[in-house]
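# Analysis of the macromolecular model
As a plain string of letters, each chain reads:
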Amino acid sequence: MIESHSPLYDAFKSVLNTIDTQRVQELLAYMNTEAINFNLFKNNAFIERKFPFDIIPRIVSHQEFTYLEKGIKQRIYALNLFLEDIYGDQKILKDGIIPSEFVFASKAYLPSFAHTKVSKNIRVHISGIDLVKNSVGDGWVVLEDNLRVPSGVSYPLSLRILTRKVFPEFFEKLPIQSVHDYPKRLEAAMDYVNTGGINVILTPGRYNSAFYEHSYLAKQSGAVLATGEDLFVEKDKVYLKTYLGKKARVGAIYRRLDDDALDPVEFNADSLIGVPNITQAYRAGNIALMNSIGNGIADDKGIYYFVPAMIRYYMNEEPILQNAPTYLAFFEKDRQHILQNLRTLVIKDVAEAGGYGVVFGSKLSKNEREALKDAIIKEPRRFIAQEVIEFYDIECLTNEGTLSPRKADLRMFSIFSDDIFIWPCGLTRYAMDPSSYIVNSSQGGGFKDTWVLKESK
Amino acid sequence: MILISPQTAESLFWMGRYIQRAESMTRLIIALFDKIIDENFNEAKELYEKLGIALHYASSQAFLRKSVFELDFISLYYVINTARENAILTRSHLPNRMFSRINALYLKYQAAKEEPNVSIYWLESTLQELDAIWGNLELSLVEAKEAPLIELGKVVERMDLSIRLFDSIEAAVMDTEKLNVIADKIRPGHKKILLSSSQKAKALATINSVFGALITSHES
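## Side note on the overall build of chain A
In terms of helices and strands, chain A carries 14 helices and 21 strands. By principal-axis analysis of the C-alpha atoms, chain A measures approximately 65 × 65 × 50 Å. Within chain A, the proportion of its 457 residues that are buried is 45%. Counted over contacts in chain A with a minimum sequence separation of 6, partners at least 24 positions apart contribute 70%.

This is the structure we're talking about:
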């Protein structure tokens, strides 16, 4: 179902109707030349892949953005307070708002980092909040909070720069907010928490799906792009090796690898992409890691259920943005509901990400449903279930020049420094298959730009 | 202040080498193609033998196909792909246009690989593209620390090829002064590089150890 056309969308369409859409090819050629790729690993093979892009943007009014901005800020504040608390005094557990065993049973909770202070008490420096607009009730619903290493910001940012050049008509005629300052904001956020030294973006390397983004953000923000091999720890301080055999102290690292890979001494000993003993420097307060270690507990799909309660608990406010109706198999009553209504629910494995481990009960065979039921009974902490949300489709321009509706979500990015900045843009991801609800880039989904409009005067 | 890690420095150096190799190979392939047509059919075979490569072709077009796309590790396509891989790794240090040009050249080759014939006119355009890439380097990175690392790769590759392919230690010796100027930009006060004009193997070893001698691995 497509959202009823707003005057803004109509204004966009009226410009679209006056231009030659074949110029989209020019835009795609630009993308190709600039190698704006989101790579995939399929069957253990590295596939350099162009990130499918659709020219028709998601258009967000100023009023709608203001609402989302307020709601996301509230959510990020609460989640940051939760992380400070959970790695601190754990008041939220002591007060019975979240069951302790629910937190402690999660692999994402890292007790060895309890009482580790972080620079400026910020843990959620960069976040990507996934939302959809529900066609029932016409409201925005948060599907996921991504507080570890959310990717995607560079794609709409790069495309915006190209689109302005190829289709200036839109930007001349519509009051579209500028988004170019994101890298400078990122730089400022790194400077804000920096413990003394240079800023670094730590990448897993060339074969990471988002290497383009790492490279792009480093160039634009002035940070040094480094792999684990380029860094070392000496006396609890992190240094970058330089080519003349010298070393440069590092004060902040925007790390684009998971906790598990970050330090082979502390976590996975097989990790070849981490920095040995970096966690020692982190514990000593000598390096700011963006995002902080252990954030996975806050974006665990099970903890998501408690975010509205966190907002009430820490901020004494009612949540502005709604969660999808969610059931926790961990709770007996919810578990029974899930088992009895498996056909109508979406089941999510809390350990998975990127659209993996998401199962629509309606699409399972009888045997598959029974197997899933057994798994839920055996490991209830591992599963959540949600009502299927009939979120709006967005129109996409096909190669034939016709419009085709596709399911689309919106990832909105925030940067937390002296205040929380919500980027007036976002990665709108759409399903390549008209019948699919899975929009994730790692599963072959495409993307659109998100145009937030300026306040009308 | 831009800081460059040893890994990045190495990638910049190899990018320079592979861009230069692409230029040298293109010129060589064009010249050999011309000879094969009606002057000396075996000329390409003999020259590639010097590189330790057994090259068989039944026609001038077959030679083009093999040398541009098919030979393992030495085809022009492989050389350009490797230059591009190093450009991807060092992208955050390169001018946008320089990166785009290298990538565009690779994409052009990727598309042409599917064509049945290799056009010599098309091959000539590679030289123009490579000139433009060097031009981007000179225009945009003239004062940057990255530039001497790329230029070092360029000169080392040229010297290496002069000796390896054309037995011309003299040509390599003529480049020594330039090499020392670049090396001095990378590591001021470095020990001067000297080439003996008679010992080919020693000269090659000296040239190919320059980068390692200038770039120190950090001992933590």
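## Notes on the environment of Leu93(A)
All names here are of chain A. By secondary structure assignment, the location of Leu 93 is in helix H4 (residues 91-94). With 17 C-beta atoms packed within 10 Å, Leu 93 lands in the partly exposed category. Sequence separation between Leu 93 and Val 103 is ten residues, and the spatial gap between their C-alpha atoms is 8.6 Å.

## Description of the pairing of strand E10 (residues 247-255) of chain A
If a strand is regular, its side chains alternate between the two faces of the sheet. Residues and elements named next belong to chain A. Where strand E6 (residues 198-202) and E10 come together, five bridges link them in parallel fashion. Residue pairing across strands places Val 200 opposite Ile 253, the latter belonging to E10. Count of turn residues in the strand E9 (residues 237-241)/E10 antiparallel hairpin: five residues, of which Gly 245 carries a positive phi of about 85°.

## Some remarks on the confidence of the model for chain B
Of the residues in chain B, 97% have a pLDDT of 70 or more, and the chain-wide mean is 92. Here the predicted complex scores 0.93 on pTM and 0.92 on ipTM.

## Re the domain arrangement of chain A
Residue and element names in this part refer to chain A. When cut into domains, chain A gives domain 1 (7-319 + 390-452) and domain 2 (325-387). Residue-level contacts link eleven residues of domain 1 with ten residues of domain 2. Looking at the side of domain 1 that touches domain 2 residue by residue, the classes come out as five nonpolar, four polar and two charged.

## Some details on the sheet that holds strand E13 (residues 326-328) of chain A
Residues and elements named next belong to chain A. With antiparallel pairing, the four strands of this open sheet are ordered in space as E13-E16-E14-E15. The sheet is open, and its two borders are formed by E13 and strand E15 (358-360), each paired with just one other strand. When the angles between neighbouring strand axes are averaged without regard to direction, this sheet yields 25°. Judged from the three bridges that link them, E13 and strand E16 (residues 383-387) form a sheet pairing that is antiparallel. Paired with Tyr 327 across the bridge in E16 is Ala 385. Of the strands in this sheet, E13, strand E14 (345-349) and E16 are in contact with helix H13 (residues 332-340), which crosses E13 at around 115°.

## Concerning the interface of chain A and chain B
With 25 residues of chain A in contact, the opposing surface of chain B contributes 19 residues. If you list the elements that add at least two residues to the side of chain A that touches chain B, you get helix H2 (23-33), helix H9 (211-221), strand E7 (224-226), strand E8 (231-234), E9 and E10 of chain A. Its residues placed into classes, the side of chain A that touches chain B shows eleven nonpolar, six polar and eight charged.

Each value, and the rule that gives it
- In this convention, every chain numbers its residues from 1, walking through the sequence in written order.
- The order in which chains are written sets their letters, starting at A; the order in which ligands are written sets their numbers, starting at 1.
- Two thresholds apply to this predicted model, a pLDDT of at least 70 for residue-level local features and 80 or more for giving and counting side-chain atom pairs, whereas whole-chain, interface and lining totals are computed over all residues.
- Under the scheme used here, helices are H or I runs from DSSP no shorter than 4 residues and strands are E runs no shorter than 2 residues, and both carry numbers assigned from the N terminus.
- With C-beta atoms placed from the backbone, a residue is labelled by how many other C-beta atoms lie within 10 Å of its own: buried for 20 or more, exposed for 12 or fewer, partly exposed between the two.
- Whether two residues are in contact is decided by their C-beta atoms, placed from the backbone, lying within 7 Å.
- Two strands make a pair as long as DSSP finds a minimum of two bridges between them.
- Residue-level confidence of the predictor, termed pLDDT, takes values from 0 up to 100.
- Boundaries between domains were set according to an automatic or database domain assignment.
- Under the convention adopted here, Pro, Cys and the residues Ala, Val, Leu, Ile, Met, Phe, Trp and Tyr are nonpolar, Asp, Glu, Lys and Arg are charged, and Gly plus all remaining residues are polar.
- Axis geometry follows a simple rule: fit a line to the C-alpha atoms, using only the stretch in contact for helices, then measure angles between N-to-C directions, giving values from 0 to 180 degrees.

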